[in-house]
Amino acid sequence: MTAPAFSMRALPASAFSSAAVATVIGFGGTVALVVQAGQALGADAGQIGSMVTALCLGIGLPGAVLSWRLKIPVVLAWSTPGAALLAASTLGLSWPTAIGAFVFAALLMILTGLIPVLGRLAARIPAAIASAMLAGVLLPFVLRLFKVLPDETVLVVGLIAVFLIFRRLWPTWALPVVLAAAFAVLAMRGQLALPVETGLFGHLEPVAPVFDWKAAVSLGFPLFLVTLAAQNLPGLVVLQSAGYPPPANRLILSTGVASLLIAPFGGHGVNLAAITAAICTGTDAHPDPTRRWIVGVIYGGLYLVVALFAAPLAGLFIAMPPAVLAAVTGLALIAPLTGALQTMMTEVGSREAAVLTFAATASGLTLFGVGSAFWGLVVGFAALAAMRWIRPPA
């Protein structure tokens, strides 16, 4: 597909507005979950600020370069299910050990992109099992939305009402408006303050990774699998549906390399986007499909701007009362949980295995120092194999 010569004057306003909307939704919708992930893994405020900065850089720069080089709108995002997996961890890992798990997951993604047979095998991962594990990871966060209700009854009920109204009328804006409403209430209460010594600009704090096999199995492998199955593969489908046959291995390899580069600074992983990509790859973004790659470049540029001010943006969420942070996170994960539950129940022959995967993951089981996401996969694959091998009598 040959693109005409680039001209700023030829760009419609929709190219900028679509990229801006995708940026607001992508960042504002789930940054609370990223902050919770950092907190669960023992990162301090500075390290969480570095985590958010690194993720924004990992989204912005590679996405803009890939869009420009490939002449297709490549829209990247951080791994939302991966952040949920990290935030749900109860293993008590240190931050350097978590960094080691991020590096391990990135290396697995790089291998998947480099070796075509691995990519084909990854595409054959049963969607029901991968979605069931994701649903099991997400469920506790949505349940926490109601567990904090006694602490913040009026605010939580109000946020749920706002979410439902906007999901019905203007679904794209539901999460940004919920976030704005939460901050407005906190500002009126005088509870909107940045942590001490929060700077104006984003920063990077490198940490030497510590490799541990339990962390690799409990976090690294599930992080790789859920990012691949729930983010990268759907992202490829979005590009295909928009009329851009994606170079799958090259894109997966690129996300793996980007994830590896940002891992020492706390970035848990970047991947192809799905929801925000749909905003930037359709005719509403740019009427000319040969010029639509420019929207991807603008989107990447906006994320670089967000990276510049990542420290105060992350600081707002770090300082947010835990009950409010839990409520915002729970609402942000309702749509992903709904999609995961729907997918895990789609295949009739896999439903029992999917339910077992879901239950084992959501249980929080820790066995031999290995977390529930891994055991959920083990249970699911074992159940699926048993159901396929055992034939009922004729």
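Higher on the page you've got the structure.
Residues numbered from 1 in each chain as written. Predicted model: local features only at pLDDT ≥ 70, side-chain atom pairs only at ≥ 80, totals over all residues. Heavy atoms only, no water.

**Q** Help me understand the overall build of the protein chain in this model?
**A** Counting secondary structure elements, the protein chain contains 17 helices and two strands. Computed over its C-alpha atoms, the radius of gyration of the protein chain comes to 20 Å, within 12% of the 21 Å expected for a compact globule of 394 residues. Structurally, the protein chain occupies a C-alpha span of about 70 × 55 × 45 Å along its principal axes. For the protein chain, the proportion of its 394 residues judged to be buried stands at 51%. Expressed as a percentage of contacts within the protein chain between residues at least 6 apart in sequence, the contacts between residues at least 24 apart total 82%. Working note: accessible area of the protein chain is about 16600 Å², and carbon and sulfur atoms make up 70% of it. Here the protein chain carries 17 positive and 10 negative side-chain charges, and the mean point of each set is 14 Å from the other. (Helix = DSSP H or I, 4+ residues; strand = E, 2+ residues; numbered from the N terminus. Rg over C-alpha atoms; globule rule 2.2 N^0.38 Å. Buried < 20%, exposed > 50% of the residue type's maximum accessible area, 1.4 Å probe, protein only. Contact = heavy atoms within 4.5 Å. Areas by Shrake-Rupley, 256 points an atom, 1.4 Å probe, with all protein chains shown as cover. Lys, Arg positive; Asp, Glu negative; His and termini not counted. Charge placed at Lys NZ, Arg CZ, Asp CG, Glu CD.)

**Q** Would you explain the packing of helix 1 (residues 13-40) against helix 13 (residues 310-318) in this entry?
**A** Angle between the axes and distance between the axes: these two values describe a pair of packed helices. Contact geometry of helix 1 with helix 13 gives a least axis separation of 9 Å together with a crossing angle of 70 degrees. Classed by the angle they form, the pair helix 1 and helix 13 counts as roughly perpendicular. For the pair helix 1 and helix 13, contact is made by F27, V31, A32, V35 and Q39 and by L313, A314, F317 and I318, respectively. A breakdown of the residues in the contact of helix 1 with helix 13 according to their chemical character gives eight nonpolar, one polar and no charged. (Axes fitted to C-alpha atoms, helices over the stretch in contact; angles between N-to-C directions. Parallel < 35°, antiparallel > 145°, perpendicular 65-115°, else oblique. Nonpolar A, V, L, I, M, F, W, Y, C, P; charged D, E, K, R; others polar.)

**Q** Looking at this structure, how should I read the state of the cysteines?
**A** Such a bond, covalent and formed between the sulfur atoms of two cysteines, is termed a disulfide. Under the counting rule described, the total for this entry stands at zero disulfides. Between C56, a free cysteine, and C280, which holds the nearest cysteine sulfur, the sulfur-to-sulfur gap is 15 Å. A relative accessible area of 0% places C280 in the buried class. (Disulfide = S-S within 2.5 Å.)

**Q** What is the right way to look at empty space enclosed by the protein in this model?
**A** To find the voids left in a structure, one rolls a probe of water-molecule size over its atoms. Considering all chains together, one arrives at two cavities of 30 Å³ or more under this definition. The computed volume of the largest cavity comes to approximately 90 Å³. Every residue lining the largest cavity is counted, 13 residues in all, and those nearest its centre are M109, T227, S259, H268 and G269. Going through the elements one at a time, helix 4 (95-114), helix 9 (213-241) and helix 10 (248-262) are the ones with two or more residues in the lining of the largest cavity. (1 Å grid on protein atoms, 1.4 Å probe; cavity = no way out; pocket = protein on both sides within 12 Å on 5 of 7 lines; lining within 4 Å. Points joined across faces, edges and corners; volume = space filled by probe spheres on them.)

**Q** What should I look at first to understand the side chain of T30 in this one?
**A** Structurally, T30 is set in helix 1. A residue is classified by how much of its surface remains accessible, and T30, at 11% relative accessible area, is buried. Here W78 takes part through its side chain, which lies 2.9 Å from a polar atom of the side chain of T30. Residues in contact with T30, not counting those within four places in the same chain, are W78 and T80. (Polar contact = N/O pair within 3.5 Å; in protein donor to acceptor, adjacent residues only side chain to side chain.)

**Q** What exactly am I supposed to notice about the pattern of salt bridges here?
**A** Side-chain pairs of opposite charge can arise where the charged atoms are in close proximity. One pass over the structure, following the stated rule, counts two salt bridges. The residue R189 makes a salt bridge to E152 at a minimum N-O spacing of 2.9 Å. With R189 in helix 8 (residues 174-189) and E152 in the loop between helix 6 (127-147) and helix 7 (153-169), this residue pair connects regions lying 37 residues apart in the sequence. The class of R189 is partly exposed, set by a relative accessible area of 39%. Measuring nitrogen to oxygen at the nearest pair gives 3.8 Å for the salt bridge that ties R291 to D288. (Salt bridge = Lys/Arg side-chain N within 4 Å of Asp/Glu carboxyl O.)

**Q** Help me understand the environment of V24, please; the structure alone is not making it clear to me.
**A** Counting through the fold element by element, V24 comes out in helix 1. Put simply, V24 and V306 are 282 residues apart on the chain and 9.7 Å apart in space, counted from C-alpha to C-alpha. The residues touching V24, leaving out its near neighbours within four places in the chain, are G29, W173 and P176.

**Q** Can you walk me through the packing of helix 9 against helix 17 (residues 372-389) in this structure?
**A** Two elements in contact, helix 9 and helix 17, have axes separated by 8 Å at closest approach and are oriented at 65 degrees. Residue-level inspection shows V217, S218, F221, P222 and L225 of helix 9 in contact with helix 17, the latter providing A373, F374 and L377. Tallied by class, the residues present in the contact of helix 9 with helix 17 amount to seven nonpolar, one polar and no charged.

**Q** Please explain helix 9 as it appears in this structure.
**A** Spacing of three or four residues puts side chains on the same side of an α-helix, whose turn is 3.6 residues. Here helix 9 is 29 residues long and its end C-alpha atoms lie 39 Å apart, about the 42 Å a rise of 1.5 Å per residue gives. Taken as a whole, helix 9 carries its principal kink of about 40 degrees at L228. Where helix 9 begins, the capping side chain belongs to D212, and its oxygen is found 3.0 Å from the backbone nitrogen of K214. After helix 9 finishes, the residue G243 shows a positive phi value of roughly 95 degrees. (Expected span 1.5 Å × (residues − 1). Bend = angle between axes of the 7 residues up to and from the residue.)

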